[in-house]
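# A look at the structure
Take a look at the letters that make up each chain.
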Amino acid sequence: MAEKILLRNVGIPGSERLEVCRSRGGYRALEKAVRELRPADVTEAVKKSGLRGRGGAGFPTGLKWSFVPKDVPGPRYLCCNADEGEPGTFKDRVIIENDPHLLLEGIAISCYALSVAEAFIYVRGEFALGAERLEGAVREAEAGGFLGRNILGSGFDLRVRVHRGAGSYICGEETALLESLEGKRGLPRLKPPFPASVGLYGKPTVINNVETLSCVPSIVQNGPEWFASIGTKGNTGPKLFAVSGHVERPGVYELPLGVTLRELLSEHAGGVRGGRRLKAVMPGGPSTPVITAEHLDVRLDFDSLAAAGTALGSGAVIVMDDATCMVEIALRLTRFYRHESCGQCSPCREGLGWMERLLDGIESGRGRLSDVGLLLELAAGISGKTLCPFGDAAVVPVQSTIGRFREEYESHVRTKGCPLKPAGVRIP
Amino acid sequence: MVMGLKVTVDNRTIEVEQGTTVLNAASQAGVYIPHLCYHRKLSIKGGCRVCLIEVEGTPKLQPACSTVVCEGMRVKTDTQQVKDARRAVLELLLVNHPLDCPVCDAGGECKLQDYVFWYGGGRGRFEFEKRTFAREDVGPFVSRDMNRCIHCTRCVRFAAEVSLAEEIGVFERGDRTSIGPSPGRELRSPFSGNVTEICPVGALTDRVFRFRARSWELAEFLSSCPLCSAGCLTVVQTRGGRILRMLTREKSRTPWICDLGRFGFGAPARGESRPLIMEDGRRMEVPWDVAARTVAGRLRTISKESGPESIGVICGTLATNEEIFALRHVFGNVMKCRHLSFGPGTPSPAGREETELLRDALLAQGRVSDLVGCDSLLLLCADPFEETPVAGLRIMQALGLASGGAVENDEAGAGREGPRRTAGDGTAPRIVALGPRRPQPSTVHMTWVAAAPRDCAELVMRLGLELAETAGRLGTSGGPGKAGPEAPPTAGEFQGRDLDSKFGFWASARKLGIVLGGELTRSPYLYGVLASVLRVCAARSALGAETVPLFLFGRGNARGALELGVLGPQPTRGGADQGQDRSEGAPRSGSVSTAEHAGLSGIVEAAGHGRLRALLVFGIDPLAECLDRAEVERALKNVEFVCAQSNTAQGISGTAHVYLPLQSIFEKAGSFTDLEGRLTGLSPQASEHGPDSLLFALLGTVCEAMRRPTELNSADAVFAYMKQSCGWPFKEDLKMLSRSEGVFPRGPGSESASWAAPSPDWLPLREFERRARDGVSRENAPFRGDITGADSAGGETVPSAPEPGRDGEFVLLCGSAGVSSWAWARDVSQHPKIPNSLFVEVSRADAHRLAIRQGDSVEVASALGRVTAAVVVSDSLMPGAVYVPFGFPGPGPGDLASSRDEVTVVRLNKVG
């Protein structure tokens, strides 16, 4: 893909500033939307484009918008989920820091489509620079007439507020995000009701990811057919891949959905570091099951990866070479999930600590063969039993590494330690 | 109820209402689904995951507590998948839960224990060290053991949604989560004990009951709580005839009880268990019949020699309706005594006007549920959460500000209807508090017009008259209202008049609730305020608006004492004209007109003038509860024969000629009248004195001595007689009554106060109102409160009159201490924060100004005397006032104030 859409302005000096953004065509799609299109036309275009949510679940965005009841009186809200906290994911940050106006334009067009007058950007607490740039961009855009009252003379009002999170991973879950935004503990809510009907402050609310919203201007500008021509059938548009781990050139790459893992790794990310062998890849962040070298030709899109038994997730491609201990990977990730568990529902709160201790035992040579089976049983007792998807995600590293590398676990037990590390090295 | 959804649970097909959750549908189908975090009166959380079930067509298991049924849904609760999930969740819940059920106070009544027994795997696989916390007391009544906590957050939701105290929170997250009050704080709301009952495990336990018995040793009785006028239904748990624990009747109309009701039974009997007779300055133990014959003999002699007016009787309000009725019957009808009082907290009408006013007020009295739909509420010298806590809770529920009540439909997925209304958000009713104290809970937004009781009464009377004049319904000439309904003025017209802006709702509210505090009964302004409130009801009715007056009554059987003791049995009063025409078929009763009863002050006066030769005191120490103690003491010394029935042989009983032991109110059979007029039954516990009040034996002996034998010798007999003489149509006897949820003697709804057509006969100005209007009773009439103020976040506080403690002078306020002051609990728990001697409350502002800190010793001095007590710094008391509670032995308000003075000014000096 020669022409970049989402990263178009990245690397241009001063790309976060309105004048630079304007000089490169920024806010033209908003002008087109509010002047030439009715709100319903925008929703229709987004539906036709086939855009699917980039936050991880891949739910069709236009369909999500259409769930917002039309006839409910009172305010409705749009929340942009910029709480990019998934380990290995750093794609939204690139947009937030380098092209905040692209996001604001996407938000403005989406709010126009949804008749929303107030939007929130919930930005990850650690993104200090990003939050500053967003706040600056909001001020610039308001001064320039692209946000605020009577946008571009169309009579459409939109207030955008930037809210910084406080560092909790679970607040990236959309309903926990709403709770946090309301000033409460960031605990996921029971669903149903879904936010589209009962969301922020009990009002209908749409929550979209940064990358998703950033796709909207180009859909409006170039038409849904153009957007749908990128990628594969049912998996349309550009996608940001955050490649990390044992590759020569880690980074964020914008490629059409459906690019093969092989192309991404060898042509863009420079292949496995130091010429080592590829051992495993988490194609969409730690909550997606690992795949191995035999899957190099899988297409990186929602449906192909699902067929391969994993998921596109957020597009965080974590690459591991053959020197990587899979038990250590599972231990580190389980420790992360245990630490971030909100604690409101029993299986996740009580189970992850147990799993972490079992993994620690295996990794440090105190494990038993039966522990591997127990880990799987505990994972099954958590997966699908929790209030929010966190529990399902949290056990994926254990389930998938045991699934593909059970032998490695058992050799830890047999040799009483990690075969890939010198004795005495402990995981911090 | 809209039925119509067919649901199949484990092959049992039933029809349920729309919105029913799977958990409730299953329960209707007779299928039990285990659950821990779900509580039928709290919002749904879905956190414990024990209730997971299979819904056909849904791949993932669903929580039964939060899943709402739909037509044709097929639910399975006994598949292998469900069993595995339950086993997995229970195993995980035990990971950090101690497995020491034998030494856990909740053992035997622990849901987790039961579920692990029924659904668990039977074998623990967790081999690591458990997470531990230190055990901690979180208040005088509640102990917290975080190790046992399963984080169901029922207690947190209770404090947020029901008690509105917001005093329990969740700290940290994940497996480090802990639950409790903020560090350094404790559970302070009057409902704190409820969390021990809703805690499904042994994490929050009742410190009064803790380790005193195993749950399976307890016998249970249905009863009701006699300690305040809220009329809560209870379950009494006993072992070996001793009450060990008081619980709520969870599925009844009162699913919560307050701490007073829960722990207030606990005071150990300190008195003698046998009667004492004073002879030659020595006290002798005698059998009951000897004591009773002694009393009867002396009464007969004195009555013969000096007439019945030389006998005085004072009874407390912690008495059953039957005791009150029998006392009035024997002393009023048989012996024709006119010195009969039901204590300083019960009004003693001085004349016919006052008596009728009290009757009208009782007829007008609304029910808490009548407050549903009120757009404005006036709390007039009322602090419902502290006076009659559960009534306060129900008021908040009726206004939509709290959930967890019995009125709401919890089957329909409570907690789904979005956020609760919060006062001040535009949809919630406006609450205005007028009084010396900012009513609780502090989390509810309200406008507080801080004013001393005299100023409150003044304002209410003035505004009531203004409103009535506007409505054209004021019969100044003594006749019924002159203006007909043909041209009623509008509320707008009224607002244009000289009305203070804060009281615009007086006229403009569509539906106004007026809650009157129970302490008003002690106040000299009682009649003026009652008349004004009734006048407002009628005037607003003429303006087409609805008004619900609700008098809180207060501690004990205050309404029963007023209705059956002071006013005497009233047959059904269907219309105003039937009022006087009564007792045709009923047995003779009330032959002494109520207006002739002298009341407490009359008794004291008679004694002071040497006209009283005998005094009988039942269940009350008049010295601890009255004003002007020195004078009362002097007067009582003039009485040659004193008989006191009390639970302590101290105080007045210490000098009585005959001391009779008093059973606890929990040991007597009988009925009780709550503030709404409902009769509830007290279920007696076995005691050494038997289930019947000892009073009946005494009264029987007295009647025999007077050659007027009576059959009123048991609670059952009195109840039957009372039913007949009052013309109550219901069929319940006492036993049935105590098992029921209570009975309205005149049938449900018949007494509800709609005031659609108020009786005109009270519209003329009463004498005391005329006095008030003409400023006769007050030197300078105008209300001195500044009732303009700015809204602030926690509600609005309006500066008060008089000026805060100017010249070091304060207005003395006295009354019963609020439930959350824990003054009642000094016999229950040894907690250091429970006051065990007199305290005085000072507002935070005054305390700051005078550099007085909590616990400091101060001297409060009035023209009459002085007392020394520890300071409690109050956030709710108005500046410029000092509050001294009744009820502590030793010096108290009685040393500072006289009932003859409308206002007592005191000075405050720090001691030491």
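Residues numbered from 1 in each chain as written. Chains lettered and ligands numbered in written order. Predicted model: local features only at pLDDT ≥ 70, side-chain atom pairs only at ≥ 80, totals over all residues.

### Concerning the environment of R826 of chain B
Residues and elements named next belong to chain B. Stated precisely, the cut-off is as follows: Where helices and strands are cited, they refer to DSSP runs of H or I of at least four residues and of E of at least two residues respectively, numbered from the N terminus. Here a residue counts as buried when 20 or more other C-beta atoms sit within 10 Å of its C-beta, as exposed when there are 12 or fewer, and as partly exposed otherwise, the C-beta atoms being derived from the backbone. C-beta atoms are placed from the backbone for every residue, and two residues are taken to be in contact when these atoms lie within 7 Å.
Mapped onto the secondary structure, R826 falls in the loop between β29 (809-815) and β30 (839-843). Given 17 C-beta atoms within 10 Å, R826 falls into the partly exposed group. In the structure, R826 is positioned 560 residues away from G266 in sequence and 9.9 Å away in space, judged by C-alpha atoms. With residues up to four places along the chain from it excluded, the contact list for R826 reads I834, P835 and N836.

### With respect to the domain arrangement of chain B
A common way to report how large an interface is uses the accessible area buried once the components associate. All names here are of chain B. Just so we agree on the cut-off: Domain ranges listed in this record stem from an automatic or a database domain assignment. Residues are grouped as follows: Ala, Val, Leu, Ile, Met, Phe, Trp, Tyr, Cys and Pro are nonpolar; Asp, Glu, Lys and Arg are charged; all remaining types, including Gly, are polar.
If you check the domain split of chain B, you get domain 1 (5-93), domain 2 (129-266), domain 3 (276-353 + 561-574 + 588-739), domain 4 (358-411 + 420-451 + 463-556) and domain 5 (802-910). Put simply, the parts of the chain that give the side of domain 2 that touches domain 3 at least two residues each are β11 (219-224) and β12 (233-239). At four residues, β11 tops the list of elements feeding residues into the side of domain 2 that touches domain 3. Considering only residue class, the side of domain 2 that touches domain 3 consists of eight nonpolar, six polar and no charged.

### Some remarks on the sheet that holds strand β34 (residues 905-910) of chain B
All names here are of chain B. The criterion, for reference: At least two DSSP bridges between two strands are required for those strands to pair. Angles run from 0 to 180 degrees between N-to-C directions of axes, and those axes are lines fitted to C-alpha atoms, restricted for helices to the stretch in contact.
With mixed pairing, six strands are arranged side by side around a closed barrel as β29-β33-β30-β32-β31-β34. Across the sheet, the axes of successive neighbouring strands diverge by a mean angle of 45 degrees, strand direction being ignored. Looking at chain direction, strand β31 (residues 857-861) and strand β32 (residues 866-874) are connected through five bridges and run antiparallel. What sits directly across from S857, in β32, is A870.

### Considerations on the packing of helix α2 (residues 28-36) of chain A against helix α9 (residues 210-222) of chain A
The relative placement of two packed helices is expressed as an angle between their axes plus a distance between the axes. All names here are of chain A. Here is the rule: An angle counts as roughly parallel when it lies under 35 degrees, as roughly antiparallel when it exceeds 145, as roughly perpendicular when it falls between 65 and 115, and as oblique in every other case. Less than a right angle of anticlockwise turn of the near helix away from the far helix marks a crossing as left-handed, whereas a clockwise turn marks it as right-handed.
One can describe the packing of α2 onto α9 by two numbers: an axis separation of 8 Å at closest approach and a directional angle of 60 degrees. Accordingly, the angle class assigned to the pair α2 and α9 is oblique. Here α2 runs over α9; the crossing is left-handed. Across from R28, A29, K32 and A33 in α2, the residues of α9 making contact are P217, V220 and Q221.

### Comments concerning the sheet that holds strand β7 (residues 142-144) of chain B
Residues and elements named next belong to chain B. Spatially, β6-β7-β10 is the arrangement adopted by the three strands of the open sheet, whose pairing is antiparallel. Looking at which strands have only one partner, the edges of the open sheet turn out to be β6 (136-137) and β10 (204-206). Across two bridges, the pairing between β6 and β7 is antiparallel. By the bridge assignment for β7, D137 is matched with S143.

### A word on the interface of chain B and chain A
Each partner contributes to the interface: chain B provides 29 residues, whereas chain A provides 26 residues. If you tally residues by element for the side of chain B that touches chain A, the top one is helix α2 (residues 80-93) of chain B, at five residues. Its residues assigned to classes, the side of chain B that touches chain A comprises 15 nonpolar, eight polar and six charged.

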